[in-house]
Amino acid sequence: MLAVMPDAPSSSPPPSRPTVLLDCDPGHDDAIAIVTAARHTDLVGITTVAGNAPLERTTHNALVMRDLLGIDVPVHSGAARPLVRDPVFAVDVHGSSGLDGADLPAPTTPLDGTDAARFIAATVRSTEDVWLVPTGPLTNIALAMRIAPDIIDRVRGVSLMGGGSFGNRTATGEFNIWADPEAAHVVFDSGVDLTMAGLDVTHQFLATAERVERVRAAAGALATVLADLMVFFSAIYRERHDDGALLGGAVHDPLAVLAITHPDVFGSVRRRVDVETHGVLTRGMTVIDERLLRSRPAPNCTVLTSVDADTAFELILDAITHFTT
Ligand code: RIB
Ligand code: CA
């Protein structure tokens, strides 16, 4: 866990409605991030990446979520594999479909494109103050930065789910960073304004039985699907962790959205964070520089350290209720 006291929450401005391009690998918690972004941001695009499941599945699932929300947002698929490493999917957590546990309708609307990196570059170039919010491996974001380096200075920032002071795929590697460390290194080393929702904060935000039942009580097709997904996700988490370690699935991804729409819901610190790409035991580790030396490197990242979980849940429930027909 991050050992230091978080900086005092700034007297932050009221919640904003930032312009967001969500890059995701749905994925149970990605699905909730899509709902959260659709409600609380100006969502200008969804791009998909291989991660929790193969690209064909994460793309299918993003289209299903777009239909369930009834939103008019372009979906572009992207990288089917990491920049260098062999693909590894988290089907042990999300199931072979990437969204096991719910009765999902087939998508009814077509994919808008298959070159996410080019779509990301074009969107940032044509739109002011776009936040990139990746909630899967950072492959598409890194590719976009490579084909269009000018977007690094144009983009408002990158608010990502990933990393932390401990791992989940390995003792040091959180899945999104571990799956494509080279892509993560490109992004963390780019100079872009980073916000990191790592495991230190996402493990404070759990799909407890009480919260799942409040989602289900919202009624409607979307609420039923999300409640069923969270039941599945939480059962997997409880099965994989010691008794009592986690009282529900850690709902990681929507925190990367709420970090920019409702920053006062979080505690955070500014730190230099780098990504290990050469280690064996430390593959994909986010190395957070906690030294209090005057000579320490300048921070490149707002590292989220705490969350008001009840407020975050109410914001997500509001999003679900908003789209419930
Ligand atoms: O480690 C958690 C992250 O990996 C989440 O984004 C989850 O959806 C998976 O992609
Ligand atoms: Ca994800």
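Structure shown above.
Residues numbered from 1 in each chain as written. Chains lettered and ligands numbered in written order. Predicted model: local features only at pLDDT ≥ 70, side-chain atom pairs only at ≥ 80, totals over all residues. Heavy atoms only, no water.

**Observations concerning the coordination of the calcium ion (ligand 2)**
(1) Moving on: Coordination of the calcium ion (ligand 2) by the protein comes from Asp25 (OD), Asp30 (OD), Asp30 (OD), Thr135 (O) and Asp253 (OD), over a distance range of 2.2 to 2.6 Å.
(2) Moving on: Counting the intervening residues between successive donors of the calcium ion (ligand 2) yields the motif D-x4-D-x104-T-x117-D. Pair noted here: Asp30 is in helix H1 (residues 28-40) and Asp253 is in the loop between strand S8 (249-250) and helix H12 (254-261), with a separation of 223 residues, a long-range link. Like Asp253, Asp30 is buried. (Donors = N, O, S within 2.8 Å, 3.2 Å for Na, K, Ca; no water. Helix = DSSP H or I, 4+ residues; strand = E, 2+ residues; numbered from the N terminus. Buried < 20%, exposed > 50% of the residue type's maximum accessible area, 1.4 Å probe, protein only.)

**Things to note about the pattern of salt bridges**
(1) Moving on: In this structure the tally under the stated criterion is 18 salt bridges.
(2) Moving on: Across the pair Arg156 and Asp193 runs a salt bridge whose closest N-O atoms are separated by 3.3 Å. With Arg156 in the loop between helix H6 (151-154) and strand S5 (157-161) and Asp193 in the loop between helix H8 (181-188) and strand S6 (194-197), this pair connects stretches of sequence that are 37 residues apart.
(3) Moving on: Under the relative-accessibility criterion, Asp193 is labelled partly exposed at 31%.
(4) Moving on: Taken together, the shared-partner salt bridges in this structure form one network comprising Asp92, Arg169 and Arg240. (Salt bridge = Lys/Arg side-chain N within 4 Å of Asp/Glu carboxyl O.)

**Re the packing of aromatic side chains**
Between two aromatic rings, the relevant description is the distance of the centres plus the angle of the planes.
(1) Moving on: All chains considered together, the criterion is met by two aromatic pairs.
(2) Moving on: On the basis of an interplanar angle of 35° and a centroid distance of 6.5 Å, the ring pair of Phe175 and Trp178 is categorised as tilted. Within this pair, Phe175 and its partner Trp178 are both found in helix H7 (residues 175-179), separated by three residues, close to a single helical turn. Here Phe175 and Trp178 have matching classes, each one buried.
(3) Moving on: Centre to centre, the rings of Phe233 and Tyr237 are 4.9 Å apart; their planes meet at 55°, and the pair counts as tilted. Taken as a pair, Phe233 and Tyr237 lie in helix H11 (residues 221-240) at a separation of four residues, close to a single helical turn. (Phe/Tyr/Trp six-rings, centres within 6.5 Å; stacked < 30°, edge-to-face > 60°.)

**Let's talk about the packing of H1 against helix H13 (residues 309-323)**
When two helices pack together, their arrangement is captured by the angle between the axes and the distance separating the axes.
(1) Moving on: Closest axis-to-axis distance for the H1/H13 pair is 9 Å, and the angle between their directions is 80°. Viewed along their axes, H1 and H13 adopt a mutual orientation that is roughly perpendicular. The residues of H13 that touch H1, namely those facing Ile32, Val35, Thr36, Ala38, Arg39 and His40, are Leu315, Ile316, Asp318, Ala319, Ile320, His322 and Phe323.
(2) Moving on: Considered class by class, the residues forming the contact of H1 with H13 number eight nonpolar, three polar and two charged. (Axes fitted to C-alpha atoms, helices over the stretch in contact; angles between N-to-C directions. Parallel < 35°, antiparallel > 145°, perpendicular 65-115°, else oblique. Contact = heavy atoms within 4.5 Å. Nonpolar A, V, L, I, M, F, W, Y, C, P; charged D, E, K, R; others polar.)

**With respect to the environment of Gly136**
(1) Moving on: By the element assignment, Gly136 lies in the loop between strand S4 (130-134) and helix H5 (139-147).
(2) Moving on: Accessibility expressed as a relative area gives 0% for Gly136, which makes it buried.
(3) Moving on: Residues Gly136 and Asp30 lie 106 residues apart in sequence; the distance between their C-alpha atoms is 8.1 Å.
(4) Moving on: Leaving out residues up to four positions away in the same chain, Gly136 has contacts with Asp23, Asp25, Val49 and Asn176.

**Describing the site of ligand 1**
(1) Moving on: In the vicinity of ligand 1 lie 13 residues, with Asp29, Thr135, Asn168, Glu174 and Asp253 positioned nearest.
(2) Moving on: Here an oxygen atom of ligand 1 and a side-chain polar atom of Glu174 are 2.5 Å apart.
(3) Moving on: Asn176 places a side-chain nitrogen or oxygen 2.9 Å from an oxygen atom of ligand 1.
(4) Moving on: In the complex, 96% of the free accessible area of ligand 1, which totals 280 Å², lies under the protein chains.
(5) Moving on: Of the pockets mapped on this structure, ligand 1 occupies the second largest pocket.
(6) Moving on: Of all the secondary structure elements, the ones that give two or more residues to the shell around ligand 1 are H1 and H7. (Near = heavy atom within 4 Å. Polar contact = N/O pair within 3.5 Å; in protein donor to acceptor, adjacent residues only side chain to side chain. Areas by Shrake-Rupley, 256 points an atom, 1.4 Å probe, with all protein chains shown as cover. 1 Å grid on protein atoms, 1.4 Å probe; cavity = no way out; pocket = protein on both sides within 12 Å on 5 of 7 lines; lining within 4 Å. Sits in = over half its atoms within 2 Å of the grid points.)

**Considerations on the layout of surface pockets**
(1) Moving on: A volume near 350 Å³ is recorded for the second largest pocket.
(2) Moving on: What lines the second largest pocket is a set of 22 residues, among which Val93, Asn168, Phe175, Tyr237 and His252 lie closest to the centre.
(3) Moving on: Its residues placed into classes, the lining of the second largest pocket shows six nonpolar, eight polar and eight charged. (Points joined across faces, edges and corners; volume = space filled by probe spheres on them.)

**Quick notes on the side chain of Glu174**
(1) Moving on: Along the polypeptide, Glu174 turns up in the loop between S5 and H7.
(2) Moving on: It is Arg169 that comes nearest to the buried, bridge-free Glu174 among opposite-charge side chains, at 9.8 Å.
(3) Moving on: When neighbours within four sequence positions are excluded, Glu174 is seen to be in contact with Met161, Gly162, Gly163, Gly167, Asn168 and Leu199. (Lys, Arg positive; Asp, Glu negative; His and termini not counted.)

Shape is all these values report; function is a separate question.
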